[in-house]
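Structure assessment
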Amino acid sequence: MTLSFEKSPLASDRDAVFLYTASFLLSFGAGHWWVALPFIINHFQGTDTQVGLSLAANMGMYAVGVVVGTPLMIQFNLKRILQISTIGMACSTLLIFFIVFLTCRGYDLPYPNWLLIIGSALFGMSQAGFWPPLMGWLSIHCRNAQLNRRLSLFSISWSVASFLYPYSAGLLVEQSFIAPILVAVVGLILCCLAVSIPVKPQATEDPSGLESQMSRKDHPLQSCFCWMSRIALFASFLSFGISRTQFPIFFKVELHNSESIYGVFLMINSIAMFINYYGVGRTRAWHYRFSFLLVAQFCVLIFHLAVLYCTDLYPYYFVSILMGLGTAFCYSSHLYYGSASGSRRYAVMAIHEFTLASGYVIGSLIGGALSDSFDRLAPYHFGAGVITGSIMVQILIYIVFRSRQYFQS
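Right, let's walk through the structure included here. (Residues numbered from 1 in each chain as written. Predicted model: local features only at pLDDT ≥ 70, side-chain atom pairs only at ≥ 80, totals over all residues. Heavy atoms only, no water.)

Describing the packing of helix 10 (residues 247–254) against helix 11 (residues 259–282)
Applied cut-off: Fitted lines through C-alpha atoms give the axes, limited to the stretch in contact for helices. The angle between two N-to-C directions lies from 0 to 180 degrees. Helix numbers and strand numbers start at the N terminus; a helix is a DSSP run of H or I with at least 4 residues, a strand a run of E with at least 2. The labels follow the angle: roughly parallel below 35 degrees, roughly antiparallel above 145, roughly perpendicular from 65 to 115, and oblique for the rest. Each helix crossing is assigned a hand: it is left-handed if the near helix lies turned anticlockwise from the far helix by less than a right angle, otherwise right-handed if that turn is clockwise. We call two residues in contact whenever any of their non-hydrogen atoms come within 4.5 Å of each other. Under the convention adopted here, Pro, Cys and the residues Ala, Val, Leu, Ile, Met, Phe, Trp and Tyr are nonpolar, Asp, Glu, Lys and Arg are charged, and Gly plus all remaining residues are polar.
At their nearest, the axes of helix 10 and helix 11 sit 10 Å apart, and the two run at 135° to each other. As summarised for this structure, helix 10 and helix 11 are arranged oblique, according to the angle between their axes. The handedness of the crossing between helix 10 and helix 11 is right-handed. In this structure, helix 10 contributes F247, P248, F251 and K252 to the contact, and helix 11 contributes E259, I261, Y262 and F265. Its residues assigned to classes, the contact of helix 10 with helix 11 comprises six nonpolar, no polar and two charged.

Here we look at the pattern of salt bridges
Keep this limit in mind: Just to be clear on terms, a salt bridge is a Lys or Arg side-chain nitrogen sitting within 4 Å of an Asp or Glu carboxyl oxygen. Accessibility here uses a 1.4 Å probe with only protein chains present; expressed as a share of the type maximum, an area under 20% marks a residue as buried, one over 50% as exposed, and anything in between as partly exposed.
Inspection of every chain in the model, using the stated rule, returns three salt bridges. The residue D48 makes a salt bridge to R376 at a minimum N-O spacing of 3.0 Å. Taken as a pair, D48 in helix 2 (residues 48–73) and R376 in the loop between helix 14 (345–373) and helix 15 (378–408) lie far apart in primary sequence, 328 residues in all. Overall, the relative accessible area of 5% leaves D48 in the buried class. Under the relative-accessibility criterion, R376 is labelled partly exposed at 23%. In this structure, R376 and E254 form a salt bridge, with 3.2 Å as the shortest nitrogen-oxygen distance. Of this pair, R376 sits in the loop between helix 14 and helix 15 while E254 sits in helix 10, placing them 122 residues apart in sequence. Given a relative accessible area of 38%, E254 falls into the partly exposed group. By sharing partners, the salt bridges in this structure join D48, E254 and R376 into a single network.

Details of helix 9 (residues 222–245)
In plain terms, the rule: The span one expects for a helix is its residue count, reduced by one, times 1.5 Å.
Taking 1.5 Å of rise per residue, 24 residues should cover 34 Å, and helix 9 covers 34 Å from first to last C-alpha, within 8% of that figure. Among the 24 residues in helix 9, 20 count as buried, and that is most of the element.

Digging into a nonpolar patch on the surface
What counts, and what does not: Patch rule: a residue counts if its relative accessible area is over 30% and it has no salt bridge; like charges are joined within 9 Å, and nonpolar side chains (Val, Leu, Ile, Met, Phe, Trp, Tyr) within 5 Å. Only the protein chains shown count as cover for residues, and all accessible areas are computed by the Shrake-Rupley method using a 1.4 Å probe.
On the surface, a nonpolar cluster with roughly 410 Å² of combined accessible area is contributed by I271, I275, F318, I321 and L325. Summarising the element assignment, L325 is placed in helix 13 (residues 314–341).

Points about the side chain of Q50
For the record, the criterion: For the purposes of these results, a polar contact is taken to be a pair of N or O atoms within 3.5 Å, where, inside protein, one atom must be able to donate a hydrogen and its partner to accept one; residues adjacent in sequence count only when each atom of the pair is a side-chain atom.
Relative to the helices and strands, Q50 resides in helix 2. On the basis of relative accessible area, Q50 is assigned to the buried category, the value being 12%. At a separation of 3.1 Å, a polar atom in the side chain of Q50 contacts the main-chain amide nitrogen of T47. Each residue touching Q50, except ones within four places of it in the same chain, is listed here: I41, N113, W114 and I117.

Observations concerning the packing of aromatic side chains
As a reminder, the rule being used: Ring geometry is summarised as follows: Phe, Tyr and Trp rings, the Trp one being its six-membered ring, pair when their centres sit within 6.5 Å, and such pairs are stacked at plane angles under 30 degrees, edge-to-face over 60 and tilted between the two. A ring is scored as having a charge over it whenever the NZ atom of a lysine or the CZ atom of an arginine sits within 6 Å of its centre and within 35 degrees of its normal.
On inspection of all chains with the given rule, the structure shows 38 aromatic pairs. An angle of 70° between the planes, with centres 6.0 Å apart, marks the rings of W286 and Y337 as edge-to-face. Taken together, the positions of W286 in the loop between helix 11 and helix 12 (290–309) and Y337 in helix 13 put the pair 51 residues apart, joining distant regions of the chain. Just as W286 is buried, Y337 falls in that class too. An aromatic cluster of at least three residues, connected via ring pairs, comprises W33, W34, F123, W158, F237, F240, Y277, Y331 and Y360. Between the NZ or CZ atom of R230 and the centre of the ring of W227, over which it lies, the distance is 5.1 Å.

A word on helix 10
Taken together, the buried positions of helix 10 are occupied by F247, P248, I249, F250 and F251. A positive phi of about 60° marks H256, the residue just after helix 10.

Description of empty space enclosed by the protein
To keep things clear, this is the line we draw: With a 1 Å grid laid over protein atoms only, a set of points is called a cavity when a 1.4 Å probe fits there but cannot get out and a pocket when it is open yet has protein on both sides within 12 Å along at least five of seven lines; lining residues have an atom within 4 Å of a point. Grid points are joined across faces, edges and corners, and a volume is the space filled by probe spheres set on the points.
Applying the stated criterion across every chain, the model contains four cavities of 30 Å³ or more. What the largest cavity holds in volume is close to 490 Å³. S27, W34, Q127, W131 and W158 are, among the 23 residues lining the largest cavity, the residues nearest its centre. Secondary structure elements with two or more residues in the lining of the largest cavity: helix 1 (13–43), helix 2, helix 5 (131–139), helix 6 (144–175), helix 9, helix 11 and helix 14. Take the lining of the largest cavity: its biggest share by element is five residues, from helix 1.

Re unusual backbone geometry
Located in the positive-phi region is Y111, a residue other than glycine, with phi close to 50°. When you line up the elements, Y111 lands in the loop between helix 3 (78–104) and helix 4 (112–127). If you check the backbone angles, H256 has positive phi at about 60° while not being a glycine. Relative to the helices and strands, H256 is located in the loop between helix 10 and helix 11.

Structural measurements only, silent on function.
Here is the structure:
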């Protein structure tokens, strides 16, 4: 189904600002309970597998929701979908709040950790109605420099929140398990208000297929870089899943650091991601240059090697920068290469979100299982192996594509 609009999907730059604001508020609000949840489950005597499952359930249901829901959602009012999605996420966060509140107050809830996992899964299901429609709305009818700028501003909007919330979330969870979840509820309510302000897009069928014709002028290496960046996105977010679920516990229990210091680590990581999103939006020099993608993945690999061989705190701050730059570049690369080739931008965004969510889920689940079955270093051996394999597969794909071009020319 190819879509066009009676007028621009964004009636004005003012409307775009409110959608960027909504992405900021969701990232800021949800980020608080994401940081807090591994520590909460660990405090409730949960296993490392349950810690991994708590966020894997979120991203897993998100991935399922994206695949199942996006083909249906694009037929309806995008504004209404975004409103329903944010209300659903707010309700899911309230459920998490009451589970934590009652358990902390001494109420003997049955299996509180599993109830938290269910709440996390419900959040992920609701979230499926937010990111793909929002990104599709922002990027449709955009090409080349305009597309690069629009996607960069979107990434900047949520990444700004991602370096603001880690320290505050870590500090809050040291004082109270309830406080960071309350902040999340408030952020999601404001997010709902933000998506309610823009004028809804008027979607109609596109009988002329103009959008499709516009999108067929592809770079000769478009398909090659789309597949390579997809593999890089999966592998980097598998590592990201390990770093967000298993590393907080490793950081506290094995390295003997506090939640707020972990928040500093995460904040540095997020600032590095923000710098990347700002940088890639300012230049096209990285487009279709394989060396950039390779360096980004080596940065992610260094994170795993540091955990395996480093016990001092301060090197982790430097490693956090590399991890942030590498992961964000893989994210930006697939977002651009996928969008640059697709006329059906909603489907492209769904593939993007499904790929990163799948990597996150596998990293979280397998990381937690390896940690419980062997030791807390095992997830990082696994992550290092995946990143190394990812790099080798991409080199092979690149060689094959360039060889075909050489023999066809």
